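So you can see what is in the structure, the chains are spelled out below.
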Amino acid sequence: AADAAFLTLPSGVFRAVSVPVMLQEIELGSVQLAHALDEHYAAQLSELSGARTLIVSTDRVLGSTLSADAVADLTLETLQTLAAGELTTIAGEEYAVRPLLQEESAAVYVLDSIDASARPVIRSALQTMGGIALGAFVLAAIASLWLARTISRPIDTLPGSLTDMTRTRAFDRP
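Given the structure is predicted, the values throughout are model-derived calculations rather than measurements.

## Description of the sheet that holds strand 5 (residues 60-64)
Link 1 in the chain: Spatial strand order, 5-4-8-7-6: five strands in an open sheet with antiparallel pairing. A single partner strand is all that each edge strand has here, and the edge strands are strand 5 and strand 6 (87-90). Averaged over all pairs of adjacent strands, the angle between strand axes in this sheet comes to 40 degrees, irrespective of strand direction.
Link 2 in the chain: Summarising the sheet, strand 7 (residues 93-102) and strand 8 (residues 107-113) pair through seven bridges and their orientation is antiparallel. Of the residues in strand 8, the one forming a bridge with proline 99 is tyrosine 109.
Link 3 in the chain: Against the sheet, helix 1 (residues 39-49) contacts strand 4 (52-57), strand 5, strand 7 and strand 8, and its axis sits at roughly 145 degrees relative to strand 4.

Shown next, in the form of structure tokens:
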């Protein structure tokens, strides 16, 4: 079985894995591999998961695929609340947070922006509502024109009818 641990060294934080080398039933030794927890590792995890990645060590960010504004907005309190794996607001945007790897000295989190996920759906709904509103205005304009013509047609014919009445009837005789 492989043992994994985070190693904090002056040169950085590493995820180390130790795998025993066995020959039949005898352990000959072990192979130790370490991978730096940095921007490159964060980018690889983000590519695999399809979400943003944040790697932190106690009180500092080691690597991230979040925007520069979001990383600048991270405070010590925000970093401490990430371990709960709930919703958090970073740089005015709401994120769903899930811990991927976590030990005392370092942690790796996967974050997905709820606002960014909802943006296309909201845009589509607003476009649909705009189309419906435009259609309603066009129908209202057509109905208004029809009603105006229906009402004005008798009024337009009234002067002609009065002229015909005055021509055919003599008002000087009772």
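## As for the pairing of strand 4
Link 1 in the chain: For strand 4, the buried fraction is high: five of the six residues fall into the buried class.
Link 2 in the chain: Across five bridges, the pairing between strand 4 and strand 8 is antiparallel. Residue threonine 53 lies in a different strand from strand 8, and its bridge partner there is valine 110.
Link 3 in the chain: As paired strands, strand 4 and strand 5 are joined by four bridges and run antiparallel to one another. Note that in strand 5 the partner of isoleucine 55 across the bridge is glycine 63.
Link 4 in the chain: Connecting strand 4 to the antiparallel partner strand 5 that follows it, the hairpin turn spans two residues, and threonine 58 within it adopts a positive phi of roughly 50 degrees.

## Points about the nonpolar core
Link 1 in the chain: Counting residues in hydrophobic clusters, the biggest one holds 13 residues, and the most contacted among them are Leu54, Tyr109 and Leu111.
Link 2 in the chain: When residues of this core are traced back to their parent elements, those giving at least two are strand 4, strand 7 and strand 8.
Link 3 in the chain: Among the elements that take part in this core, strand 8 stands out by supplying three residues, more than any other.
Link 4 in the chain: Once you skip the residues sitting within four places of it in the chain, leucine 54 turns out to touch Val61, Gly63, Ser64, Leu66, Leu74, Leu79, Leu82, Ala107, Val108, Tyr109 and Leu111.
Link 5 in the chain: If you look at the next biggest cluster of nonpolar residues, it comprises ten residues, including Phe6, Ala42, Leu62 and Val108.

## Focus on unusual backbone geometry
Link 1 in the chain: Residues other than glycine seldom take positive phi values, yet glutamine 24 does so here, at roughly 55 degrees.
Link 2 in the chain: Tracing the backbone shows glutamine 24 in the loop between strand 2 (12-23) and strand 3 (26-36).
Link 3 in the chain: Residue class for glutamine 24 comes out exposed when judged on its relative accessible area of 74%.
Link 4 in the chain: One non-glycine residue, alanine 91, lies in the positive phi region at around 55 degrees.
Link 5 in the chain: Structurally, alanine 91 can be placed in the loop between strand 6 and strand 7.

Thresholds applied
- Residues numbered from 1 in each chain as written.
- Predicted model: local features only at pLDDT ≥ 70, side-chain atom pairs only at ≥ 80, totals over all residues.
- Heavy atoms only, no water.
- Pairing = 2+ DSSP bridges.
- Helix = DSSP H or I, 4+ residues; strand = E, 2+ residues; numbered from the N terminus.
- Axes fitted to C-alpha atoms, helices over the stretch in contact; angles between N-to-C directions.
- Contact = heavy atoms within 4.5 Å.
- Buried < 20%, exposed > 50% of the residue type's maximum accessible area, 1.4 Å probe, protein only.
- Core = buried A, V, L, I, M, F, W, Y, C linked by side-chain atoms within 4.5 Å.

Don't take any of this as a statement about function, it's just geometry.
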